[in-house]
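Below, each chain spelled out in residue letters.
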Amino acid sequence: MNLLEFNNYFPTEESCQVDIRKKREAQGIICKRCGGKRHLWVNTLLRWECSECKSCTNLKAGTVMEKSHLPLRVWYLAIHLMTSTKKNISALEMQRQVGWKRYEPIWYMMQKIRASMGKRDSGYLLKNEIEVDDAFFVTVDLERDGKEPKKRGRGSQKQAQVLVMVESTPNLRQIKDYKKKRVMGYVKMLVMNELKTEDINQEVELAIHPDSTVLTDGYKAYSKLQQVVAKHVPMKILPEDAHKKLPWVHTMIANAKRGLLGIHHSTSKEYLQNYLNEFCYKLNRRNFKSALFDRMIIAGISDTWY
């Protein structure tokens, strides 16, 4: 769906209200007070009334939009811009596009949408052959900057540790030397407090199907992955061979870093996971095209923000 089509489908706040009502009723309304599932729509109040206890549920209640004072059309336009563009969009640019006076509500709205994207992706497991590697993303910490000396390398306060996992299967039909010999599937990126064996195993167990094969370099923290997956293939990889033996995981790391630097310029460690959620969500659904907007709306109304 392009911008002209979006304006045709949702020209007013009322059109967004009609759409979210249909989608929520299709999902099913559940009363917070008694758990009842039978509701009557009160058109004058724009909310549902429980047939059992008579308590009301408004359009945004129980969704990612709950307790937000932004109009529904602003939410819809933000979700459209975030899902229809290949590259990310900054909160400042979003503020300009939706014409909102204050920056903070727009920034907060976008963080909630990114968090919902991450929750949606967390429900799926990577399968078959998976490339796994760690990466270090430069972040900012306004509270610490200038107050303590900075370390270099692993353990630096300016870097966040990220575990990157990419589905990657051999492509035997690819004979061109300048192209990758593997086909990429889905991607997960997780910000880690520590890249220790037990932490990596725990995240891999949650993100990867146990019957899968994991391909890694020779980093010691990967030495016990055999405990949580069917097969672990550690490889001794020279820097000049990294793009051949683990081609897609390094490409995804480079693309994510370039996107963050080019669009957002800098991010804090506290919110880095949200930005990676957006990157992975859009990448994993790169072939969905116009359906991506509706899927994100459904994900948003299924996810209560706390």
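Described below are features of the structure shown in this document. Here the structure is a predicted model, which means the values were calculated and not measured.

### Digging into the sheet that holds strand β3 (residues 56-58)
- Pairing within the open sheet is antiparallel, and its three strands lie in the order β1-β2-β3. Looking at strand neighbours, the two that pair on one side only are β1 (39-42) and β3, the edges of this open sheet. When strand polarity is set aside, the average angle formed by the axes of neighbouring strands in this sheet is 30°.
- Here β1 runs beside strand β2 (residues 47-50); their pairing, made up of four bridges, is antiparallel.

### A closer look at the pattern of salt bridges
- Counted by the stated rule, this structure contains 10 salt bridges.
- D294 is the partner of K23 in a salt bridge, and the nearest nitrogen-oxygen pair spans 3.5 Å. In this pair, K23 sits in helix α2 (residues 13-27) while D294 sits in helix α10 (residues 291-301), placing the two residues 271 residues apart along the sequence.
- Since its relative accessible area comes to 14%, K23 is described here as buried.
- Taking relative accessible area as the criterion, D294 reaches 35% and is therefore assigned partly exposed.

### What to know about the pairing of strand β4 (residues 129-138)
- The element β4 is extensively covered by neighbouring structure, given that eight of its 10 residues are classed as buried.
- Note: β4 against strand β7 (residues 213-216), three bridges, orientation parallel. Counted as the bridge partner of E129 is T213 from β7.
- Examined bridge by bridge, β4 and strand β5 (residues 159-170) share nine bridges and lie antiparallel to one another. The residue bridging F136 from the neighbouring strand is Q161, located in β5.

### So, unusual backbone geometry
- Notably, K54 is not glycine yet its phi reads approximately 70°, a positive angle.
- Following the sequence through the fold, K54 ends up in the loop between β2 and β3.
- Its identity as a non-glycine residue notwithstanding, K67 has a phi of 65°, on the positive side.
- Position of K67 among the secondary structure elements: in the loop between β3 and α3 (72-84).

### Thoughts on the packing of helix α5 (residues 103-121) against α10
- For the pair α5 and α10, the least separation of the axes is 10 Å and the interaxial angle reads 90°. Here α5 is positioned roughly perpendicular relative to α10, judged by the angle of their axes. Contacts from I113, S116, M117 and R120 of α5 reach α10 at M296, I298 and A299.
- In terms of residue class, the contact of α5 with α10 is made up of five nonpolar, one polar and one charged.

### A look at the sheet that holds strand β6 (residues 182-192)
- Read from one edge of the open sheet, five strands run β6-β5-β4-β7-β8, paired in mixed fashion. Only two strands of the sheet have a single partner each, and these edge strands are β6 and β8 (231-234). Each neighbouring strand pair of the sheet contributes to a mean axis angle of 25°, computed without reference to strand direction.
- Here β5 runs beside β6; their pairing, made up of nine bridges, is antiparallel. Residue pairing for β6: T169 is matched across the bridge by V183.
- Contacting β4, β5 and β6, helix α9 (residues 269-284) crosses the sheet at an angle of about 165° to β6.

### What about the packing of α2 against α3?
- Two numbers describe how α2 lies on α3: the axes approach to 8 Å, and their chain directions differ by 75°. When the axes of α2 and α3 are compared, the pair comes out roughly perpendicular. Packed against α2, whose contacting residues are E13, C16, Q17, D19 and I20, the element α3 presents L72, R73 and Y76 at the interface.
- When grouped by side-chain class, the residues that make up the contact of α2 with α3 number four nonpolar, one polar and three charged.

### Some points on α10
- Listed in full, the buried residues belonging to α10 are L292, F293, M296, I297, A299, G300 and I301.
- Residues of α10 that are buried sit in contact with α1 (3-9), α2, α3, α5 and α9.

### Examining the nonpolar core
- If you look at the biggest cluster of nonpolar residues, it comprises 35 residues, and the most contacted ones within it are Y76, M94, I106, M109, M110 and I113.
- Breaking this core down by element, the ones donating at least two residues are α2, α3, α4 (91-98), α5 and α10.
- Examining the composition of this core, we find that nine residues originate from one element, α3, more than from any other.
- When near neighbours in sequence (up to four residues on either side) are disregarded, M109 contacts L70, V74, W75 and A78.
- Counting residues in hydrophobic clusters, the runner-up holds 23 residues, among them M184, V187, A256 and L260.

Definitions and cut-offs
Residues numbered from 1 in each chain as written. Predicted model: local features only at pLDDT ≥ 70, side-chain atom pairs only at ≥ 80, totals over all residues. Heavy atoms only, no water. Pairing = 2+ DSSP bridges. Helix = DSSP H or I, 4+ residues; strand = E, 2+ residues; numbered from the N terminus. Axes fitted to C-alpha atoms, helices over the stretch in contact; angles between N-to-C directions. Salt bridge = Lys/Arg side-chain N within 4 Å of Asp/Glu carboxyl O. Buried < 20%, exposed > 50% of the residue type's maximum accessible area, 1.4 Å probe, protein only. Parallel < 35°, antiparallel > 145°, perpendicular 65-115°, else oblique. Contact = heavy atoms within 4.5 Å. Nonpolar A, V, L, I, M, F, W, Y, C, P; charged D, E, K, R; others polar. Core = buried A, V, L, I, M, F, W, Y, C linked by side-chain atoms within 4.5 Å.

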